[in-house]
Amino acid sequence: SDAISLVHNGVIENHGQLRQELEMAGFVFESDTDTEVAVHLIEHYYTEGTPLLEAVHKAASRLHGAFSLAVMSAREPGLLV
């Protein structure tokens with residue numbers, strides 16, 4: 001997404017299932033990485049008018065595995081989640 005920047009470390013074990021859901025919702029993937037799944041999932045919640053913090057919490061609750069995320073958005077400058 002143009003609005004979201006994300007740093008990810010670790011493994012998202014259910015990225016395949018989430019990728020399928022997001023593709024069915026119209027998201028287009030440019031890589032096979034679990035990181036891109038996390039970005040699109042956050043974007044999915046963020047485009048509904050949800051604040052970034054809430055969008056990240058909603059997305060993170062659906063991600064299974066051992067990982068860490070740091071997320072920023074051009075729409076909410078100065079906020080690091």
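Residues numbered from 1 in each chain as written. Predicted model: local features only at pLDDT ≥ 70, side-chain atom pairs only at ≥ 80, totals over all residues. Heavy atoms only, no water.

Caption draft 1: Quick look at the pattern of salt bridges. Summed over the entire model, instances satisfying the criterion amount to two salt bridges. Lys58 is paired through a salt bridge with Glu54; the nearest N and O atoms lie 3.7 Å apart. Here the residue Lys58 and the residue Glu54 both occupy positions in helix 3 (residues 52–62), the gap between them amounting to four residues, near one helical turn. When its relative accessible area of 30% is taken as the criterion, Lys58 is described as partly exposed. We classify Glu54 as partly exposed; its relative accessible area is 40%. (Salt bridge = Lys/Arg side-chain N within 4 Å of Asp/Glu carboxyl O. Helix = DSSP H or I, 4+ residues; strand = E, 2+ residues; numbered from the N terminus. Buried < 20%, exposed > 50% of the residue type's maximum accessible area, 1.4 Å probe, protein only.)

Caption draft 2: Summary view of helix 1 (residues 15–24). All of the buried residues in helix 1 are Leu18, Arg19 and Leu22. Angularly, the buried residues of helix 1 cover 105° about the axis, an arc narrow enough to put them on a single face. When the buried face of helix 1 is taken as reference, the exposed residues oriented beyond 90 degrees from it are Gln20 and Met24. At the exit of helix 1 stands Gly26, carrying a positive phi of roughly 105°. (Arc of directions from axis to C-beta.)

Just distances and angles here, no functional claims.
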